[in-house]
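# Reading the structure
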Amino acid sequence: VLAFDRRLPNRAGAADFRVLGNAFAGSAEPGIVAVACDDNGNGLADDPWYELAGSEHARATPRYTICYRRPAAGAEAVAWSDSEGRRGALPLSATFPPWAAGDTLTFCGTLLPPNAVEVEGRWSSPPFAYGYADSYPNGEAGACFDIGWAVDGEGRPAALAGIDFVKVYTGVSQALGVLGEASTELGGVEGVGEE
């Protein structure tokens, strides 16, 4: 979760901000982007969040949860289960974070369809058309976002005049062999088109 130092206005029909990542051709790790306004004026990101509806919005799984279990001593993998009834395990290199309290760690949000494919032992993860962090190189238009894409929990346009906060989280749940689990990298957020 990142905050702007002042409200970023929604410029109708134009990109408003850029999300910086480390994507390059064939290596997109799409992240969901959500925005919020500091409506209560307390400087905290505790007001309603609105997801930006990217190109895969209609194919995504809303209200998705995935739960990782702390591995036992000597274990070789981190077990997981999700709200779609799937189960699996990740290599221990995907270490369960030591800061997590308890024996489980659960994440909730929107799940995008897998974007990576393996061909002849090599992984390629092309970007979706638009609307996801860490999908296009920072200097490309695909790394830019329009506040006008914001929708509420029912998928209705939020019609926000501006935003104060941006939240980014990994949107895919996909293991890429020796590359490990896909994970969105975040280098920052900056306004675009400001005078």
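Structure shown above.
Below or above, wherever it landed, is the structure these notes cover.

Conventions we followed
- Counting from 1, residues in each chain are numbered in the order their sequence is written.
- Predicted model: local features are reported for residues with pLDDT of at least 70 only, side-chain atom pairs are reported and counted for 80 or more only, and whole-chain, interface and lining totals are derived from all residues.
- Heavy atoms from the whole structure form the basis of all side-chain values; hydrogens and water molecules are not counted.
- A cavity here means a set of points on a 1 Å grid, drawn over the protein atoms and nothing else, where a 1.4 Å probe fits but cannot get out; a pocket is an open set with protein on both sides within 12 Å along at least five of seven lines, and a residue lines either one if it has an atom within 4 Å of a point.
- Grid points are joined across faces, edges and corners, and a volume is the space filled by probe spheres set on the points.
- Helix and strand assignments come from DSSP, with helices taken as H or I runs of at least 4 residues and strands as E runs of at least 2, each series counted from the N terminus.
- Residue classes follow a fixed rule: Ala, Val, Leu, Ile, Met, Phe, Trp, Tyr, Cys and Pro count as nonpolar, while Asp, Glu, Lys and Arg count as charged, and any other residue, Gly among them, counts as polar.
- Strand pairing is defined by DSSP finding a minimum of two bridges between the two strands.

Let's shift gears to the layout of surface pockets. Of the pockets and cavities examined, the largest pocket occupies roughly 580 Å³. Ile66, Tyr68, Phe107, Thr170 and Glu181 are, among the 23 residues lining the largest pocket, the residues nearest its centre. For the lining of the largest pocket, the elements supplying multiple residues, two or more each, are strand 5 (61–69), strand 8 (104–111) and strand 13 (162–170). Broken down by element, the lining of the largest pocket gets its largest block of residues, six residues, from strand 8. A class-by-class count of the residues in the lining of the largest pocket yields 15 nonpolar, seven polar and one charged. Here the second largest pocket defines a volume of roughly 390 Å³. As for the second largest pocket, its lining consists of 18 residues, of which Glu51, Pro62, Thr110, Asp152 and Gly153 are closest to the centre. Secondary structure elements with two or more residues in the lining of the second largest pocket: strand 3 (31–36), strand 4 (49–52), strand 5, strand 8 and strand 13. A total of three residues in the lining of the second largest pocket trace back to one element, the largest contributor, which is strand 4. In terms of residue class, the lining of the second largest pocket is made up of eight nonpolar, five polar and five charged.

We now examine the sheet that holds strand 4. Sheet architecture is open: five strands sit in the order 1-13-3-4-12, paired in antiparallel fashion. Two strands close off the open sheet at either side, each with one partner strand: strand 1 (2–9) and strand 12 (150–151). Pairing of strand 1 with strand 13 involves four bridges; the strand directions are antiparallel. The residue of strand 13 that forms the bridge with Pro9 is Gly162.

With that settled, consider the sheet that holds strand 2 (residues 17–20). Taken in spatial order, the three strands line up as 11-2-14 in an open sheet, and their pairing is antiparallel. This sheet does not close on itself; its edge strands, each paired only once, are strand 11 (144–145) and strand 14 (188–191). The pairing of strand 2 with strand 11 spans two bridges and is classified as antiparallel. Its bridge partner being in strand 11, Arg18 is matched across the sheet by Cys144.

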